[in-house]
Amino acid sequence: MGVTTLVMLGSLAVLAVAGAVLWGQQAVRPDPSAVLRGPGTGHPLGTDRLGRDLLARLLSATWPSLLPAVAATFLGAAAGISLGALTAVVGGRAARLLGALINLLLAFPALLVAMFLAALFGAGAGGAVFALAVACAPGFARITQTLAAEVAGTDFMAAARVLGLRRHRLLLRHVLPHITEPLMLTTTVAAGSALVALSGLSFLGLGTQPPSYDWGLLLSQGLDRVYTEPLSAVAPGIAIVYAAVAFQLLGEMLAGAAARQARPCPGEEPVAHPARAGRPASVGHVLEVEDLRVVLPTADGVVRPVRGVTLTLRRGEMAGLVGESGCGKSLTALAIADLLPDGARATWGTHRFLGTDVGSSTREERRRQLATGMALIFQNPASAFNPSLRIGTQMTEAVRTHRGTPRAEAVEQALARLERVALPAGRRLLRSRPFQLSGGGRQRVAIAAASMMRPDLIIADEPTTALDVTVQRQIMDLLRRIRHDDATAILFISHDIALVADACDRVLVMYGGTIVENLPARELAAGARHPYTRMLVASVPDLAAERDRPLRAIEGGPPDPYGTTPGCPFHDRCPHRLDRCAVEGPVLSPLGPGHEVACWQPLPAAPPRGQRETEETQK
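The following paragraphs examine the structure supplied in this document. Because the structure is a prediction, the values reported are computed rather than measured.

Quick word on the overall build of the protein
- Assigned secondary structure in the protein consists of 22 helices and 13 strands.
- For 619 residues, the compact-globule estimate of 2.2 N^0.38 gives 25 Å, and the C-alpha radius of gyration of the protein, at 34 Å, exceeds that figure by more than 25%.
- Along the longest, intermediate and shortest principal axes, the C-alpha atoms of the protein span 120 × 55 × 55 Å.
- Looking at the 619 residues of the protein, the share that counts as buried comes to 47%.
- Restricting to contacts in the protein with at least 6 residues of sequence separation, those with at least 24 account for 70%.
- For the protein, the exposed area adds up to about 29300 Å²; of that, 59% sits on carbon and sulfur atoms.

Encoded structure:
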């Protein structure tokens, strides 16, 4: 198909360039002695009413037929793609208004719109081009809106917003490059449709006007003789179909080439070359949040996934945030980073980041502060990066945007960060795309990118979930190194209780959208006092446990996020509940040094696990 496409396009290109030069004079020279002749030796397609050779006119009409079609396509594509892509980078209300505008424009048939506007602009090639461009723009806008919506919800777009990039950079660097391939196919195919539509307008007398001519006008003039000399009408029709098919095949060829280019290449395991960079630790809180709440309106009602979270993080501290799925861990992190989805709303009593009240800052100030002082490491490294951009572009974007770092210097910083996370310090990796790396390699690059701005806070949202235990250990070592070297506070979100207890200084246990216990990590195994925390710890498998004993599980399920039932959220599942628990919700209260619990009747400290197993066996 590729050879056929190239031959067809090549023939059209040759005719477009050489047609007017070789046959232009013959096409416009009248010959009164050869009026309305049929096909013959001197005139293979015959002549028209002025004796002009129809074959010469057909060949020399290639350029005036193709150029307006391509121009109308690109004008319509530029307008429609810009309109559709804006829906991915503007706010919720503006996105809805743009979507409504696109729906309104699509309610009118494109061909009827083109005919109406062509008549309004006045008959002629220029008016027909602009009319068709306006008519086809809504179609491009709808396709772009659909493609951009998929990009808008990805982790790498969220990461780009954390960087504080302006809308035009989000549009040009992250949205449009990611959807270029399908839009190329759409635009190429649309060029063939535009050729047919413009020929139709000329056929109806709304396009090219005599003495100028194109294939549509030749088809209209030849239709009068279709029963006596059918070639005069069939030949322009064949030319239109030939060019339209060539554009269609070009689109298919481009789509096939893009698909072959996107096939993943095998990743390579990096060689360890650790590097260290020091920065003295400072005293003070990096993050202070009190009574954080998130509400999310849905078609079924208002969801309250976060219901009063209070937490603080000191410089250089690693705090683990654990809990069952659906308890609000990730939404808490997104609210802190100002990355909640459209429609979601966050409120708080106190929200200070680096000593600044987030609520009193303007949106621009808040974005800049979060972009330079906070970084996110997402759970899925494959979706955390834009697959259409190279690793080097994505790693250096933040420092180039917010610090004005020259490109060469930013590249050197990226190389140093890659070496620090045990990836080969070579420019080959920076030229790679995310799919060319293994899962562990992508996660290391994500950590390196997160540390490029030397942030004061890193939020790691389950960064080791999809990795094997060997790579998991390496990732945790990297986080520890960044924490100690840069005095960076880390909020580590995970389901792995054992990993959190081993890696973190402090553990925040979350249930039902709120923090139910805050305790030192070293006390998690034996010092947990909330029934939910105790049951979470007990559900962790132990290799020393007897194999014939069933694994422990927490009966029941998390509370309904739509509900507003008073009392303790763990009341229905708690084996130690009191009557008070059903009507009055406990608050997070101090229980000991560095230990807080939200429970009306905290459990006594548990004996060591070995002693506990022995007692249960004796029972």
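Now that the structure has been shown, we can carry on.
Here we look at the nonpolar core
- In this structure, Met 395 and Phe 492 are the most contacted members of the largest nonpolar core, which totals 58 residues.
- Sorting elements by how many residues they give to this core places helix H18 (residues 469–486) first, with six residues.
- Ranked by size, the runner-up nonpolar core spans 37 residues in total, among them Ala 131, Tyr 213, Ala 239 and Ile 240.

So, the packing of helix H8 (residues 167–175) against helix H14 (residues 391–402)
- Taken N-terminus to C-terminus, the directions of H8 and H14 make an angle of 165 degrees; their axes are 13 Å apart at the nearest point. Classified by the angle between their axes, H8 and H14 sit roughly antiparallel to one another. For the pair H8 and H14, the sense of crossing is right-handed. Contact residues: H8 offers Arg 169, Arg 173 and His 174, while H14 offers Thr 393, Glu 397 and Thr 401.
- Taken together, the residues that form the contact of H8 with H14 break down as no nonpolar, three polar and three charged.

How each quantity is defined
Residues numbered from 1 in each chain as written. Predicted model: local features only at pLDDT ≥ 70, side-chain atom pairs only at ≥ 80, totals over all residues. Heavy atoms only, no water. Helix = DSSP H or I, 4+ residues; strand = E, 2+ residues; numbered from the N terminus. Rg over C-alpha atoms; globule rule 2.2 N^0.38 Å. Buried < 20%, exposed > 50% of the residue type's maximum accessible area, 1.4 Å probe, protein only. Contact = heavy atoms within 4.5 Å. Areas by Shrake-Rupley, 256 points an atom, 1.4 Å probe, with all protein chains shown as cover. Core = buried A, V, L, I, M, F, W, Y, C linked by side-chain atoms within 4.5 Å. Axes fitted to C-alpha atoms, helices over the stretch in contact; angles between N-to-C directions. Parallel < 35°, antiparallel > 145°, perpendicular 65-115°, else oblique. Left-handed = near helix turned anticlockwise from the far one by under 90°. Nonpolar A, V, L, I, M, F, W, Y, C, P; charged D, E, K, R; others polar.

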